[in-house]
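Chain by chain, the residues run as shown.
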Amino acid sequence: MLRGAGPAGYEDFVAGRYREIVRFGALLAGDSRLGEDLAQEGLIAAYRSWSRLGAPDGRPEAYVRQVMIRAAMRARRRRWRGEVPTEQLPDTSRRGFTEQVDLSVQVFASLRRLPADQRVVLVLRFWADASEAEVAQTLGIAVGTVKSRTSRALAALRASGLFVESARETP
C-alpha cells in the first residue's frame, strides 16, 4: 500500500495504536510473533471496514480487538500448530541473566501454557480491564463460564509458580 493511499484517518489510527494492539495480540496468543499476526489480521479487517469505522461514532480499536479475539479462539481449534518433529534437537542457546529473571518472560511462558480460551479470558479481564459481563458479551458466553475459566487459569498460573515468584520479588 502506498503511503497516503489508504482511507482518511486509517493511517493515523494505526500509527497511534499499533503498539498497544500488538501487545494485546501478544497477550492473547502468548507469543509476540503470533500476537503481531493477530494484530495484522485485525488491522486488515479494519482497513476493509474503514468506511464505517472511520466515522465519528465508529469504534475501530474495539472492532480490531474483536477480530483478534475471534482469530485467537479459532487458532485454538486448529489441530496443527506449525511444529515439525526432528530427529535431533537443535542447539540450545544460552539465555542471558536478564532474560531468565525478566518477569515478562515468565508471564508470557505461563500464558503460553494456558488453553486459548482461558488465556483470552485472563487478558480481557486483567489486561483490558473488562468486567465479567463485558468479557461474556465479547466472547458470547455466560458470565459463569467467564468465572470458571478465570478461576482455572489463575489456578494454573499459581501451580506454575508465577504468583509465588512475583510475590517474592516485591519488597
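Each remark here, short or long, concerns the structure printed above.
Our subject in this report is the structure included herewith. (Residues numbered from 1 in each chain as written. Predicted model: local features only at pLDDT ≥ 70, side-chain atom pairs only at ≥ 80, totals over all residues. Heavy atoms only, no water.)

1. Considerations on the overall build of the chain
Here comes step 1: Assigned secondary structure in the chain consists of ten helices and zero strands.
Here comes step 2: Secondary structure elements of the chain occur, N-terminal to C-terminal, as α-α-α-α-α-α-α-α-α-α.
Here comes step 3: For the chain, buried positions account for 35% of its 171 residues.
Here comes step 4: A sequence separation of at least 24 residues applies to 63% of the contacts in the chain between residues at least 6 apart.
Here comes step 5: Only carbon and sulfur atoms are counted for the fraction: they give 51% of the accessible area of the chain, which is about 11,600 Å². (Helix = DSSP H or I, 4+ residues; strand = E, 2+ residues; numbered from the N terminus. Buried < 20%, exposed > 50% of the residue type's maximum accessible area, 1.4 Å probe, protein only. Contact = heavy atoms within 4.5 Å. Areas by Shrake-Rupley, 256 points an atom, 1.4 Å probe, with all protein chains shown as cover.)

2. Quick look at the environment of Arg65
Here comes step 1: Mapped onto the elements, Arg65 comes out in helix α4 (residues 60–77).
Here comes step 2: The partly exposed category is assigned to Arg65, whose relative accessible area is 22%.
Here comes step 3: For the pair formed by Arg65 and Leu124, sequence separation is 59 residues and the distance between their alpha carbons is 9.9 Å.

3. Topic: the packing of helix α8 (residues 132–139) against helix α9 (residues 143–159)
Here comes step 1: Look at α8 against α9: their axes get within 8 Å of each other, and the N-to-C directions meet at 105°. Compared by their axis directions, α8 and α9 come out roughly perpendicular. Seen from α8, the contacting residues are Glu132, Ala133, Val135 and Ala136; seen from α9, they are Val143, Val146 and Lys147.
Here comes step 2: In the contact of α8 with α9, the residues fall into five nonpolar, no polar and two charged. (Axes fitted to C-alpha atoms, helices over the stretch in contact; angles between N-to-C directions. Parallel < 35°, antiparallel > 145°, perpendicular 65-115°, else oblique. Nonpolar A, V, L, I, M, F, W, Y, C, P; charged D, E, K, R; others polar.)

4. Let's talk about the packing of helix α1 (residues 10–29) against helix α7 (residues 116–127)
Here comes step 1: The contact between α1 and α7 brings their axes to 8 Å, and the two run at 140°. When the axis of α1 is compared with that of α7, the two are oblique. Residues Glu20, Arg23, Phe24, Leu27, Leu28 and Ala29 of α1 lie in contact with α7, whose contacting residues are Arg119, Val120, Val123, Leu124 and Trp127.
Here comes step 2: For the contact of α1 with α7, the per-class residue count stands at eight nonpolar, no polar and three charged.

5. Some words on the nonpolar core
Here comes step 1: Counting residues in each nonpolar core, the largest one holds 38 residues, and the members touching the most others are Leu28, Met68, Ile69 and Val120.
Here comes step 2: Put simply, the parts of the chain that give this core at least two residues each are α1, α2 (32–48), α3 (50–53), α4, α6 (103–113), α7, α8 and α9.
Here comes step 3: Tallying contributions element by element places α1 first for this core, with ten residues.
Here comes step 4: In this structure Met68 touches Ile21, Phe24, Gly25, Leu28, Leu38, Ala39 and Gly42, once residues within four positions along its chain are discounted. (Core = buried A, V, L, I, M, F, W, Y, C linked by side-chain atoms within 4.5 Å.)

6. Quick notes on the environment of Ala109
Here comes step 1: Residue placement: Ala109 occurs in helix α6.
Here comes step 2: The spatial distance from the C-alpha of Ala109 to the C-alpha of Ser160 is 9.8 Å, given a sequence separation of 51 residues.

7. So, the side chain of Arg149
Here comes step 1: Relative to the assigned elements, Arg149 resides in helix α9.
Here comes step 2: In this structure Arg149 touches Met73, Asp117, Gln118, Val121 and Ile141, once residues within four positions along its chain are discounted.

8. Overview of the pattern of salt bridges
Here comes step 1: The final tally for this structure, using the stated rule, is six salt bridges.
Here comes step 2: Two residues, Arg17 and Glu20, come together in a salt bridge whose shortest N-O distance is 3.8 Å. One end of the pair, Arg17, and the other, Glu20, are both in helix α1, three residues apart, so they sit about a helical turn from each other.
Here comes step 3: You can call Arg17 partly exposed: its relative accessible area is 29%.
Here comes step 4: A salt bridge links Asp31 to Arg33, with the nearest nitrogen and oxygen atoms 3.8 Å apart.
Here comes step 5: For Asp31, a relative accessible area of 12% puts it in the buried group.
Here comes step 6: Accessibility expressed as a relative area gives 62% for Arg33, which makes it exposed.
Here comes step 7: Within the structure, one salt-bridge network assembled from shared partners comprises Arg17, Glu20, Glu61 and Arg65. (Salt bridge = Lys/Arg side-chain N within 4 Å of Asp/Glu carboxyl O.)

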